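Letter by letter, the chains look like this.
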Amino acid sequence: MEKEIFLSVDGLSKSYGSTRVVDQVSFSVFRGEVFGLLGPNGAGKTTTISMLCGLLKADAGNVAYGGISISAHYRQVKGMIGLCPQDIVIWEKLTCSEQLKFAGMSYGLAPKEAGKRAGYLLEALGLTDKKNKLAGTLSGGMQRRLNIALALVHDPDLIILDEPQAGLDPQSRVLVRDFIRQLAAQQKSVLLTTHDMDEADRLSNRVAIIDHGKILQIDTPERLKEKSGKGDILQVRLSGIPAGQTDKLLEAFPPVFTEKKLVDGLLLLGASHVIEHIPTVNQTLKAFRIQMEDMTIRKRTLEDAFISMTGRGLRE
Ligand SMILES: Nc1ncnc2c1ncn2[C@@H]1O[C@H](COP(=O)(O)OP(=O)(O)OP(=O)(O)O)[C@@H](O)[C@H]1O
């Protein structure tokens with residue numbers, strides 16, 4: 001079956017003063033797809049989604065929902081979008097049920113319909129037994145789940161989640177992850193922003209890697225990892241590198257290592273059958289009189305994809 005594009009973003013840009021924080025960003029999100037916007041803090045993710053929702057005016061570019069332009073028909077497309085912001089925005093003095101009903105009615109649902117929708121969302125997000133509790137008395141994880149429910153009261157076609165797993169306890173993480181997958185299975189489009197490579201990898205059908213306001217690559221998590229290089233990664237934690245020796249050390253590893261990087265104090269070496277090259281690594285470190293603290297062989301992650309594109313880690 002041909003995939004249908006729901007959201008299309010073309011050449012979106014935004015500057016603050018002389019700094020361009022979103023630079024010619026273009027991508028599409030299909031119906032039934034979870035699309036991840038992955039990038040470090042300050043990459044321009046929140047600014048991008050603020051423009052997608054019409055909360056912030058773009059300097060340039062077009063955004064269309066189901067072929068309808070947001071700039072020309074904001075009122076028409078507004079109801080197609082549900083935004084769950086990074087910060088928790090709830091009515092602390094209302095019960096969970098009250099605020100979901102109230103939000104539903106403010107979107108034009110009849111009271112009975114709003115009540116049914118509230119019940120469904122409370123159930124789906126594991127909050128049924130908290131329905132009559134004041135929102136201010138819930139745990140942080142529950143408040144975040146309620147925040148997601150609030151973005152969905154009007155049954156939008158596209159759900160935008162800004163860092164949905166930030167600050168969630170492990171139980172809420174699993175619940176929210178499953179819920180996001182269910183939304184996609186119901187043919188909703190989900191756009192999530194994250195700086196967590198693991199979350200982007202587990203949840204997204206496709207990922208756009210964004211840095212300094214520019215999209216560097218868009219692909220499936222698997223293909224992005226494959227493109228970052230061959231084989232697995234040998235990760236070595238070193239106990240200090242003599243000053244000024246970094247470049248020399250990296251050069252000393254033979255070309256069999258297709259990637260050689262020092263990121264966040266970790267030596268990262270990529271090679272096919274990397275396990276066979278451990279003796280070479282030991283010899284090289286010995287020659288530089290560098291001690292290793294530990295060594296791990298691991299699969300490639302989306303962070304490796306980010307490092308291969310930018311030379312930096314996601315947390316730097
Ligand atoms: N109102 C503003 N005025 C000036 N600069 C801003 C404003 N809002 C955002 N910025 C800057 O724009 C850049 C992108 O910020 P944005 O919040 O979009 O990044 P992000 O990828 O969402 O990161 P984070 O996860 O930290 O929110 C940052 O350098 C930020 O400081």
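First things first, this report covers the structure right here in the doc. (Residues numbered from 1 in each chain as written. Predicted model: local features only at pLDDT ≥ 70, side-chain atom pairs only at ≥ 80, totals over all residues. Heavy atoms only, no water.)

## Focus: the site of the ligand
Item 1. Residues in contact with the ligand, as listed here, are Tyr 16, Val 21, Pro 40, Asn 41, Gly 42, Ala 43, Gly 44, Lys 45, Thr 46, Thr 47, Gln 86 and Glu 163.
Item 2. The separation between an oxygen atom of the ligand and a polar side-chain atom of Asn 41 is 3.4 Å.
Item 3. One of the side-chain nitrogen or oxygen atoms of Thr 47 is found 2.5 Å away from an oxygen atom of the ligand.
Item 4. Relative to its unbound accessible surface of 630 Å², the ligand loses 58% to contact with the protein.
Item 5. Ranked by the residues each element gives to the shell around the ligand, the list is headed by helix 1 (residues 45-52), at 3 residues.
Item 6. Here the residues of the shell around the ligand sort into 4 nonpolar, 6 polar and 2 charged. (Near = heavy atom within 4 Å. Polar contact = N/O pair within 3.5 Å; in protein donor to acceptor, adjacent residues only side chain to side chain. Areas by Shrake-Rupley, 256 points an atom, 1.4 Å probe, with all protein chains shown as cover. Helix = DSSP H or I, 4+ residues; strand = E, 2+ residues; numbered from the N terminus. Nonpolar A, V, L, I, M, F, W, Y, C, P; charged D, E, K, R; others polar.)

## Things to note about the packing of helix 3 (residues 96-106) against helix 5 (residues 140-150)
Item 1. One can describe the packing of helix 3 onto helix 5 by two numbers: an axis separation of 10 Å at closest approach and a directional angle of 20 degrees. In terms of orientation, helix 3 and helix 5 fall into the roughly parallel class. Here the hand of the crossing between helix 3 and helix 5 comes out right-handed. Residues Cys 96, Gln 99, Leu 100 and Ala 103 of helix 3 lie in contact with helix 5, whose contacting residues are Leu 146, Ala 149 and Leu 150.
Item 2. Its residues placed into classes, the contact of helix 3 with helix 5 shows 6 nonpolar, 1 polar and no charged. (Axes fitted to C-alpha atoms, helices over the stretch in contact; angles between N-to-C directions. Parallel < 35°, antiparallel > 145°, perpendicular 65-115°, else oblique. Left-handed = near helix turned anticlockwise from the far one by under 90°. Contact = heavy atoms within 4.5 Å.)

## As for the nonpolar core
Item 1. One finds Leu 100, Leu 146, Ile 148, Leu 161, Phe 179 and Ile 180 to be the most contacted residues of the largest nonpolar core, which totals 32 residues.
Item 2. Listing elements by their share of this core, those giving two or more residues are helix 3, helix 4 (111-124), helix 5, strand 7 (158-162), helix 6 (170-185) and strand 8 (189-194).
Item 3. Discounting residues that sit within four places of it in the chain, Ile 180 has contacts with Val 34, Leu 161, Pro 164, Val 190, Leu 192 and Leu 203.
Item 4. Judged by nonpolar contacts, the second largest core, of 27 residues, contains Phe 6, Val 22, Val 77 and Ile 160. (Core = buried A, V, L, I, M, F, W, Y, C linked by side-chain atoms within 4.5 Å. Buried < 20%, exposed > 50% of the residue type's maximum accessible area, 1.4 Å probe, protein only.)

## Focus on unusual backbone geometry
Item 1. One non-glycine residue, Asp 155, adopts positive backbone phi at about 55 degrees.
Item 2. Summarising the element assignment, Asp 155 is placed in the loop between helix 5 and strand 7.
Item 3. Residue classification places Asp 155 among the partly exposed positions, given a relative accessible area of 41%.
Item 4. Its identity is not glycine, yet His 212 carries a phi of approximately 45 degrees, on the positive side.
Item 5. Mapped onto the fold, His 212 is located in the loop between strand 9 (206-211) and strand 10 (214-219).

## So, helix 10 (residues 278-287)
Item 1. Buried within helix 10 we find Ile 278, Val 281, Thr 284 and Leu 285. Viewed end-on, helix 10 has its buried residues packed into an arc of 125 degrees, placing them on one side of the element. In helix 10, the exposed residues that point more than 90 degrees away from the buried face are Gln 283, Lys 286 and Ala 287.
Item 2. Looking at the packing, one finds that the buried side of helix 10 touches strand 11 (232-238), helix 9 (246-252), strand 13 (266-271) and strand 14 (292-298). (Arc of directions from axis to C-beta.)

## Remarks on the sheet that holds strand 10
Item 1. Strand order in the open sheet formed by 6 strands is 6-7-8-3-9-10, with mixed pairing between adjacent strands. The open sheet has two edge strands with one neighbour each: strand 6 (81-84) and strand 10. Mean inter-strand twist for the sheet, computed between neighbouring axes without regard to direction, equals 15 degrees.
Item 2. Note that strand 6 and strand 7 share 4 bridges and pair parallel. The residue of strand 7 that forms the bridge with Cys 84 is Leu 161. (Pairing = 2+ DSSP bridges.)

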